[in-house]
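So you can see what is in the structure, the chains are spelled out below.
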Amino acid sequence: MLNTSDFSSHLSRVQASEQAINSSGKLHAAADYLPLAQAHLAPELWAYLAQGDSGRNQQALERFCIMPRPLRQLQSGHTSLTLFGQRFEHPFLLAPIAYQRLFHNDGEIGTALAAGAQGAGLVVSSLASQALEDIALAMRQSDGRHSGGTSPCFQLYWQGNRERTLTLLRRAEEAGYAAVMFTVDAPVKVVSLQLPDGIRAVNLSAYGEKSGERETEGEPRLRSSSVFQTWMAKAPNWEDVAWLRRQTELPLLIKGLLHPNDAEQAVSLGCDGIVVSNHGERVLRGAPTSLASLPAIVKTVNGRVPILFDSGIRCGRDAFVALAFGATAVMVGRPYVAGLVCGGALGVAHVIRLLRDELELTMALAGCAELRDINHECINDMN
Ligand code: FNR
């Protein structure tokens, strides 16, 4: 477990983040971190982080222009929002990323300290490499805004059957997680990374530790042609979503939907949020970009539940485009991991701060005082 002196030293490092990292003079934008992380990381770890990313998600976001709207009164502007009962300073959440101690010894605890200190939302992977309880505590304690602090959301991967899945869910509930994000788009996935000794999914039971599964992100490594009888036999289905809905009173979000009919089904089963995501292009080759899928889902959901967006957000301007298409908030994955690689908790804190600054700047130049002012009229796709 995390002890108090570890925690205080981590926290003071996070608080020093901006001076420490800015003094390097090279990191002026959130997007500056990824190339630096590549230079720092062993090639096999960079390959694991970058896997799947062809740039299509980013290109889709970059295609849109943002219309400048000068001369508006914006001095009361802000980026804050309330999501699932918690107040956040800005609409950036840190996406669930497996095995963060691969990237820096601070691991998920470093990420949680940074999220708390910078007022960001945090989603903790089922495949975290540190204890769920310690991660949640770190986030709450580093959030200096109010007593009690903000709690993270728990990302749930199906554990092969209902009993094991429920055990994991109960553990997250007991650790005080504020919501559950059920990832459904990766029941079969090929990942070639061999985890080094000492790094594993410490919160999973023996099922998650079985040979062949340790080195994968969500599910066992694909070895034979028996996809349907092996992995799909253990994959969740819509009945399991309905069952899961009945097991918890926490807000339940479904991550990894790109088809409006699936979003409709999730809402009709009582889910509290949809995450439009193509998993950073890591799962189904040739899946549509997240942005291409967003408008139809926004139309179908029609404001009944919040819609989170991820895949391809690299700067505040990208977030603005996703919000203009109707997302309520955005998640970032690889950009904050790059911060973790370069500076541990400090690096993650700096990436979040830069993203927020970039979004504020874009909003100011586009004449938007609040997130609700960002809409489809702010953008167009003519260059
Ligand atoms: C992921 N992602 C992911 N998603 C999830 O639900 N559970 C997980 O454990 C992981 N693990 C993971 C590891 C790594 C190395 C990457 C890059 C991604 C997907 C992640 O949450 C998110 O959907 C994408 O990373 C978003 O795309 P960007 O921001 O990385 O482009």
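Placed above this text is the structure.
This text gives an overview of the structure that appears in the document.

Here is what the cut-offs are and how they apply
Residues numbered from 1 in each chain as written. Predicted model: local features only at pLDDT ≥ 70, side-chain atom pairs only at ≥ 80, totals over all residues. Heavy atoms only, no water. Helix = DSSP H or I, 4+ residues; strand = E, 2+ residues; numbered from the N terminus. Buried < 20%, exposed > 50% of the residue type's maximum accessible area, 1.4 Å probe, protein only. Contact = heavy atoms within 4.5 Å. Areas by Shrake-Rupley, 256 points an atom, 1.4 Å probe, with all protein chains shown as cover. Phe/Tyr/Trp six-rings, centres within 6.5 Å; stacked < 30°, edge-to-face > 60°. Core = buried A, V, L, I, M, F, W, Y, C linked by side-chain atoms within 4.5 Å. 1 Å grid on protein atoms, 1.4 Å probe; cavity = no way out; pocket = protein on both sides within 12 Å on 5 of 7 lines; lining within 4 Å. Points joined across faces, edges and corners; volume = space filled by probe spheres on them. Nonpolar A, V, L, I, M, F, W, Y, C, P; charged D, E, K, R; others polar. Near = heavy atom within 4 Å. Polar contact = N/O pair within 3.5 Å; in protein donor to acceptor, adjacent residues only side chain to side chain. Pairing = 2+ DSSP bridges. Axes fitted to C-alpha atoms, helices over the stretch in contact; angles between N-to-C directions.

**Thoughts on the overall build of the protein chain**
Summing up its helical and strand segments, the protein chain has 15 helices and twelve strands in all. Across the 383 residues in the protein chain, those meeting the buried criterion constitute 56%. Taking contacts inside the protein chain between residues at least 6 apart in sequence as the whole, the part at least 24 apart equals 75%. For the protein chain, the exposed surface amounts to about 15,900 Å²; the carbon and sulfur share of it is 52%.

**So, the packing of aromatic side chains**
The final tally for this structure, using the stated rule, is five aromatic pairs. Where Phe-64 meets Phe-325, the ring centres are 5.0 Å apart and the plane angle is 75°; that geometry is what we call edge-to-face. Separated by 261 residues along the polypeptide, Phe-64 in the loop between helix H5 (56-62) and strand S1 (65-66) and Phe-325 in the loop between helix H14 (316-324) and strand S11 (329-332) bring together distant segments of the chain. With respect to burial, Phe-64 and Phe-325 carry one shared label: buried.

**Here we look at the nonpolar core**
Phe-103 and Ile-274 are the most contacted members of the largest nonpolar core, which totals 119 residues. A total of 13 residues in this core trace back to one element, the largest contributor, which is helix H15 (residues 334-365). For Phe-103, the contacting residues outside a window of four places in its chain are Leu-41, Leu-45, Tyr-48, Leu-49, Ile-97, Ala-98, Val-337, Leu-340 and Val-341.

**Comments concerning the layout of surface pockets**
Computed from the structure, the largest pocket encloses a volume of approximately 510 Å³. Lining the largest pocket are 26 residues, and of these Val-184, Asp-185, Ala-186, Pro-187 and Gly-256 sit closest to its centre. For the lining of the largest pocket, the elements supplying multiple residues, two or more each, are helix H11 (238-247) and strand S8 (252-257). Looking at which element gives the most residues to the lining of the largest pocket, the answer is S8, with three residues. Class assignment of the residues belonging to the lining of the largest pocket gives a composition of 16 nonpolar, five polar and five charged. Each pocket or cavity is described by its volume, and for the second largest pocket that value is around 210 Å³. Along the walls of the second largest pocket sit 13 residues, with Ala-327, Thr-328, Leu-371, Arg-372 and Ile-374 positioned nearest its centre. When the residues that make up the lining of the second largest pocket are grouped by side-chain class, the tally is five nonpolar, six polar and two charged.

**Re the site of the ligand**
Pro-96, Ser-125, Thr-183, Asp-310 and Arg-314 are the nearest of the 23 residues found near the ligand. Residue His-279 places a side-chain N or O atom 3.4 Å away from a nitrogen atom belonging to the ligand. At a separation of 2.8 Å, an oxygen atom of the ligand approaches a polar side-chain atom of Asp-310. If the ligand stood free it would expose 600 Å²; the protein chains cover 100% of that surface. Grouping the constituent residues of the shell around the ligand by class yields eight nonpolar, nine polar and six charged.

**Quick notes on the sheet that holds strand S4 (residues 92-94)**
A barrel is described by the order of its strands in space; here eight strands give the closed sequence S4-S5-S6-S7-S8-S9-S10-S11, paired in parallel fashion. Neighbour-to-neighbour, the strand axes of the sheet open up by a mean angle of 25°, direction not taken into account. Sheet analysis places S4 next to strand S5 (residues 121-124), joined by two bridges and oriented parallel. Across the sheet, the residue bridging to Leu-93 is Gly-121, located in S5. Packing against the sheet, H15 makes contact with S4 and S11, and its axis sits at approximately 165° to S4.

**Here we look at empty space enclosed by the protein**
Within this structure, the stated rule accounts for four cavities of 30 Å³ or more. One number sums up the size of the largest cavity: a volume of about 360 Å³. Together, 27 residues line the largest cavity, and Pro-96, Ile-97, His-279, Arg-282 and Gly-333 are the ones closest to its centre. Residue composition of the lining of the largest cavity, grouped by class: 13 nonpolar, eight polar and six charged. Put simply, the second largest cavity is a space of about 130 Å³. Lining the second largest cavity are 15 residues, with Phe-84, Phe-88, Leu-93, Cys-153 and Ala-179 positioned closest to its centre. Of the residues in the lining of the second largest cavity, the class split is twelve nonpolar, three polar and no charged.

**Description of the environment of Lys-26**
Inspection of the secondary structure assignment puts Lys-26 in the loop between helix H2 (17-22) and helix H3 (33-40). Along the primary structure Lys-26 and Leu-36 are separated by ten residues, whereas in three dimensions their C-alpha atoms are 9.5 Å apart.

The values are spatial; any link to function lies outside them.
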